[in-house]
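Analysis of the macromolecular model
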Amino acid sequence: MKSQMHKSIAAIATASILGGAGGAAFADEEAELVVNGEIEMVTRTAAPAHISDALDEVLSGWRFRSDLTQEMQMDDFDNPGMIWVETAAELWGGTPEGTEGKSCMDCHGTPDEMAGVKAVYPKWNESAGEVYTLQMQMNACRTERMGAEAWKTDKGDSIPMEALLASVSRGMPVNVAIDGPGRETWELGGRELYYTRTGQLELSCANCHEDNYGNMIRADHLSQGQINGFPTYRLKNTKLNGVHSRFKGCVRDTRAETYSPPGSPEFVALEMYVASRGNGLSVEAPPRSATKL
């Protein structure tokens, strides 16, 4: 009875959604996401083994959006998130920065050379001795190789640059490793946080995104909370949003005291765990999300 009550609370009370939704009904279940008529996306596939006890299949947030929102993601000219990608592309090979007088292009070549990078983050960084998100790796390049100041997590140029690196990996499968030295972060940090109830509403991530995905919350569908489409453009604030900022919003909406700011160890661990839940789905960023994403 108590478990069912919590499920009902999750379906009714939670107003922040990861993974996106929109419209009064599911879009065409047979629809497939193909961007610009050529980049084929996997938006539904068998659940990875490490979550197969909870889900039979994993579904991209794209499948929970309205027909109109789905269509806008299919064409880069209609996708407002691509404005930030273009900004980052100019920054990539732009004015050299830092004491070393380098730009990203000096070390890495064109952005296309980074295809596949986004798909494997977060991952263990051997030299640092900890799990790195992609934004953390970008900052390591800035401080250690360029002699430039680090960017703030989910702010300023960090979000457009992550979106650029995601855009060149679109269509590639998410493949976040959960073994090796990063396992402790994934398991004791990320997985534990995912299933821990917090706040006055006593909700965990799983209560919404495992137990109640597909249910309606006001005019929106609750998704599985997959993050293969982050950074994502959000209609509510008309800008690209990072996943740590979205985590913070979800925790806040359970009426809980959130963790320290984006970039905190808790959010790094949670990003690693949630990203791994989408292994096999395609990298989609930057998609255009619905109002509540």
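See above for the structure.
Reading the values: rules and limits
- Residues numbered from 1 in each chain as written.
- Predicted model: local features only at pLDDT ≥ 70, side-chain atom pairs only at ≥ 80, totals over all residues.
- Heavy atoms only, no water.
- Helix = DSSP H or I, 4+ residues; strand = E, 2+ residues; numbered from the N terminus.
- Buried < 20%, exposed > 50% of the residue type's maximum accessible area, 1.4 Å probe, protein only.
- Contact = heavy atoms within 4.5 Å.
- Areas by Shrake-Rupley, 256 points an atom, 1.4 Å probe, with all protein chains shown as cover.
- Polar contact = N/O pair within 3.5 Å; in protein donor to acceptor, adjacent residues only side chain to side chain.
- Patch = residues over 30% accessible without salt bridge, like charges linked within 9 Å, V, L, I, M, F, W, Y side chains within 5 Å.
- Salt bridge = Lys/Arg side-chain N within 4 Å of Asp/Glu carboxyl O.
- Lys, Arg positive; Asp, Glu negative; His and termini not counted.
- Charge placed at Lys NZ, Arg CZ, Asp CG, Glu CD.
- Core = buried A, V, L, I, M, F, W, Y, C linked by side-chain atoms within 4.5 Å.
- Phe/Tyr/Trp six-rings, centres within 6.5 Å; stacked < 30°, edge-to-face > 60°.
- Disulfide = S-S within 2.5 Å.
- Axes fitted to C-alpha atoms, helices over the stretch in contact; angles between N-to-C directions.
- Parallel < 35°, antiparallel > 145°, perpendicular 65-115°, else oblique.
- Nonpolar A, V, L, I, M, F, W, Y, C, P; charged D, E, K, R; others polar.
- Arc of directions from axis to C-beta.

Here we take up the overall build of the chain. Along the chain, the regular secondary structure elements total 10 helices and 10 strands. Residues counted as buried form 51% of the 293 residues belonging to the chain. Contacts in the chain between residues far apart in sequence, at least 24 positions, make up 73% of those at least 6 positions apart. Carbon and sulfur atoms provide 50% of the accessible area of the chain, an area that totals close to 13200 Å².

We now examine the side chain of S66. Among the structural elements, S66 can be located in the loop between β4 (57-59) and α2 (67-73). According to the relative accessible area criterion, S66 is buried, its value standing at 18%. Side chain to side chain, S66 and T69 meet in a polar contact 3.0 Å long.

Right, let's get into a positive patch on the surface. A surface patch of positive charge is lined by K152, K155, K236, K239, K248 and R252. One can find K155 in the loop between α5 (134-146) and α6 (158-167). In this structure K155 comes out as exposed when scored by relative accessible area, which is 52%.

Attention now goes to unusual backbone geometry. Of note, the amide linkage connecting Y121 to P122 takes the cis form, showing an omega dihedral of 0°. Residue position: P122 is located in the loop between α4 (104-108) and β5 (123-125). The omega torsion across A285 and P286 is 0°, close enough to zero to call that bond cis. Position of P286 relative to the elements: it lies in the segment after α10 (265-277). Phi is positive for N36, which is not a glycine, with a value near 55°. In this structure N36 comes out as partly exposed when scored by relative accessible area, which is 33%. Phi is positive for T238, which is not a glycine, with a value near 50°.

Right, let's get into the pattern of salt bridges. As enumerated under the stated definition, the model contains 7 salt bridges in all. Ionic contacts of the salt-bridge type, sharing partners, join the residues R183, E187 and R191 into one network.

Counting 28 residues, the largest nonpolar core has L270 and V274 as its most contacted members. Considering each element in turn, this core owes the most residues, 7 residues, to α10. The next biggest cluster of nonpolar side chains, apart from the first, holds 20 residues, and it includes M82, M138, A140 and V168.

Here E192 shows up in helix α7 (residues 183-194). You can call E192 partly exposed: its relative accessible area is 49%.

Tallied over the full model, the rule gives 6 aromatic pairs. Ring pairing ties together the aromatic residues W186, Y194, Y195 and Y273, which thus form one cluster.

With that settled, consider helix α9 (residues 243-253). Considered for burial, the residues of α9 that qualify are V243, H244, R246, F247, G249, C250 and V251. One or two steps after α9, the chain reaches R255, where phi turns positive at roughly 60°.

Attention shifts here to the state of the cysteines. In protein chemistry, a disulfide is the covalent bond that joins the sulfur atoms of two cysteines. All chains considered together, the criterion is met by 0 disulfides. The cysteine C107 is free of any disulfide, with C141 supplying the nearest cysteine sulfur at 7.0 Å. Classification of C107 as partly exposed rests on a relative accessible area of 39%. C205 takes part in no disulfide bond, and the closest cysteine sulfur, belonging to C250, lies 7.1 Å away.

On to the packing of helix α3 (residues 82-92) against α6. For any two helices packed against each other, the geometry comes down to the angle between their axes and how far apart the axes lie. Running from N to C, α3 and α6 cross one another at 95°; their axes reach a closest spacing of 8 Å. The angle between the axes of α3 and α6 places the two elements in the roughly perpendicular class. In contact with W84, V85, A88, A89, L91 and W92 of α3, α6 contributes P160, M161, A163, L164, L165 and S167. Partitioning the contact of α3 with α6 into residue classes produces 11 nonpolar, 1 polar and no charged.

With that out of the way, let us pick up α3. Taken as a whole, α3 has its buried residues at M82, V85, A88 and W92. Projected down its long axis, α3 shows its buried positions confined to an angular sector of 110°, all on one face. Seen from the open side of α3, the exposed residues pointing more than 90 degrees away from its buried face are I83, E86 and E90. The secondary structure elements touched by the buried residues of α3 are α4 and α6.

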